[in-house]
Amino acid sequence: MRRRFVFLVATLLIAAPCIIAQDEAIQAPKSIAAGDAFAIQTTGSGKAALYIVGPNQVLKRDVDRGQSISFAPGTLHNAGHYLVILKTDSSSYTSEVDVLPANAPSELSFLARPSRLPVGLHDGITGAVYVFDAYKNLITAPASVSFELSNPSGVTQTHVVQTHNGAALTAMDSTQQQGADKFTARVGDVISTRIVGQVPGDPCGIKMSAKPSGQQIELETEPLRDCSGNAVPDGTIVTFTETYAGAQTTADVPLKRGIAQVAMPAHNGAMLSAASGVVLGNQIRWETH
Amino acid sequence: MLKLLKRLLPALPILAFATSSHAATSADVRIEPSAAQNGPHMLTEHTASAVIQDYLQSWKSLSAALEENRADLLNMDFSGAAREKLGETIHEQAAAGLSTQYRDSAHDIQIVFSSPEGLSIQLTDTVAYDLQVLDHGKSISSQHITTRYIVVLTPAEARWKVRVFQATN
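Keep in mind that what you see is a predicted model, and the values were worked out from it rather than measured. (Residues numbered from 1 in each chain as written. Chains lettered and ligands numbered in written order. Predicted model: local features only at pLDDT ≥ 70, side-chain atom pairs only at ≥ 80, totals over all residues.)

**Quick look at the environment of Gly277 of chain A**
All names here are of chain A.
And then number 1: Checked against the element boundaries, Gly277 lands in the loop between β22 (271-276) and β23 (279-285).
And then number 2: Its 13 C-beta neighbours within 10 Å are what place Gly277 among the partly exposed residues.
And then number 3: With 224 residues separating them along the chain, Gly277 and Val53 place their C-alpha atoms 62 Å apart. (Helix = DSSP H or I, 4+ residues; strand = E, 2+ residues; numbered from the N terminus. Buried ≥ 20, exposed ≤ 12 C-beta atoms within 10 Å, placed from the backbone.)

**A few points about the nonpolar core**
And then number 1: Core analysis: the biggest nonpolar cluster contains 54 residues, and Val129 of chain A together with Val151, Leu153 and Val164 of chain B have the highest contact counts within it.
And then number 2: Sorting elements by how many residues they give to this core places helix α3 (residues 45-68) of chain B first, with 7 residues.
And then number 3: The contact partners of Leu153 of chain B, leaving out residues within four places of it in the chain, are Val51, Asp54, Tyr55, Ser120, Ile121, Trp160, Lys161, Val162 and Arg163 of chain B.
And then number 4: In this structure, Ala25, Ala48, Val53 and Val99 of chain A belong to the second largest nonpolar core, which totals 24 residues. (Core = buried A, V, L, I, M, F, W, Y, C linked by C-beta atoms within 7 Å. Contact = placed C-beta atoms within 7 Å.)

**Comments concerning the sheet that holds strand β19 (residues 237-244) of chain A**
Residue and element names in this part refer to chain A.
And then number 1: Reading across from one edge, β20-β19-β22-β23 is the order of the 4 strands in this open sheet, with antiparallel pairing throughout. The open sheet has two edge strands, β20 (247-254) and β23, and neither has a second partner. Strand-to-strand twist across the sheet, computed as the mean angle between neighbouring axes with direction ignored, equals 20 degrees.
And then number 2: Across 5 bridges, the pairing between β22 and β23 is antiparallel. Directly across from Ser273, in β23, lies its bridge partner Gln283. (Pairing = 2+ DSSP bridges. Axes fitted to C-alpha atoms, helices over the stretch in contact; angles between N-to-C directions.)

**Focus on the interface of chain B and chain A**
And then number 1: Counting residues at the interface gives 40 residues for chain B and 35 residues for chain A.
And then number 2: Among the elements of the structure, α1 (2-8), α3, α4 (80-96), β2 (98-114), β3 (121-135), β4 (138-155) and β5 (160-167) of chain B are those that each provide at least two residues to the side of chain B that touches chain A.
And then number 3: Here the side of chain B that touches chain A is composed, by residue class, of 23 nonpolar, 13 polar and 4 charged. (Nonpolar A, V, L, I, M, F, W, Y, C, P; charged D, E, K, R; others polar.)

**Focus on the pairing of β4 of chain B**
All names here are of chain B.
And then number 1: Direction of pairing for β3 relative to β4: antiparallel, over a ladder of 15 bridges. Bridge pairing links Val127 to Thr147 in β4.
And then number 2: Counting the residues that bridge the hairpin from β3 to β4 gives 2 residues, and of these His136 lies at a positive phi of roughly 50 degrees.
And then number 3: The pairing of β4 with β5 spans 7 bridges and is classified as antiparallel. Bridge pairing links Tyr149 to Ala167 in β5.
And then number 4: Connecting β4 to the next strand, β5, in antiparallel fashion are 4 residues.

Shown next, in the form of structure tokens:
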């Protein structure tokens, strides 16, 4: 117990002058904004070296003690926590300074997904933003991010989101009209834009007609549209099925100019149907008289 | 006073040993529950674990790179602005004849943000480390520092890389 006490007292005796010396020999601001001019006051006399050390930046200056050492704007510009050391021939004095991100946004890192999606999808478009200052420091103070989605006819959705730790997130519905939408994120005067392609969704329904053509039946769909009225793109596959006497015949046909056409064997009493994806069209029972 | 120093002297090598052996061991790591559960992208346990593992590895790379003044050691774990800034620091250190030793001893990590489809993950880390500064190989200061970092990681080919590495208080 006594030894512990002696050890503690000895430690305090050795450490105390250093603690006092920190205040006496070097006075650094507790925090500064990135890139701002600042000064560090030193006391005493003689030559010394001043170091400002952090993982993101290091500075070294030869100084005369007893003077205020000025740092020009832009000198210490990377946000972070720095150790300030004043080293003389015989001693080392330390202080600490926090460099905070500048408040003015200069750059947005905008992650928007996806780049292409069907129309009318709830929360189908997501955007995340990180806000940086002119020195590429993440601005951690809350800032308002305005997300805006606009389609070619000018209809927009706007969400305003506060950043937390420099990041903000939103989700938006894809619009009802196909085309290239502009998805923007704005903080103050800083804007970042992404283009989101909105393509027609699945067909809303399939309406098929049949007519005889010699020994065959000609099947043809009406122009396919999604539930928002957009034309389903050419190349979308429509599957025609003929069921007759327990056997099935199928034909996969791509849309051309919005419609699908095929010729199938004409069997009296055959059931004919068409489908695309999860959408099933009308059925026709083929009867010859 | 002399008596006191005589009693204290035997303890010094033990203290020095304790410091160096602590530096050689892995840091204490505490993981807080993720605060990023409300976003549209729910992190899997596997992803969170991989992110934290790669982040902790980045401290080893940072430590080695700043100690040896070798920017190439950053390439595996850092990209973007974080890589640029650390690389500049190494350049500044080398020009001034400095090197720094960062020995992380404790991390308190929380994932705070995850962007859609896992394009980026943000975490905070209250990290305790010892920083020793050397000028032309001679130690000029050694400090124990505790500070909070904000870190953004993005996926690369085979691992998560640190893109933003910023102490904030």
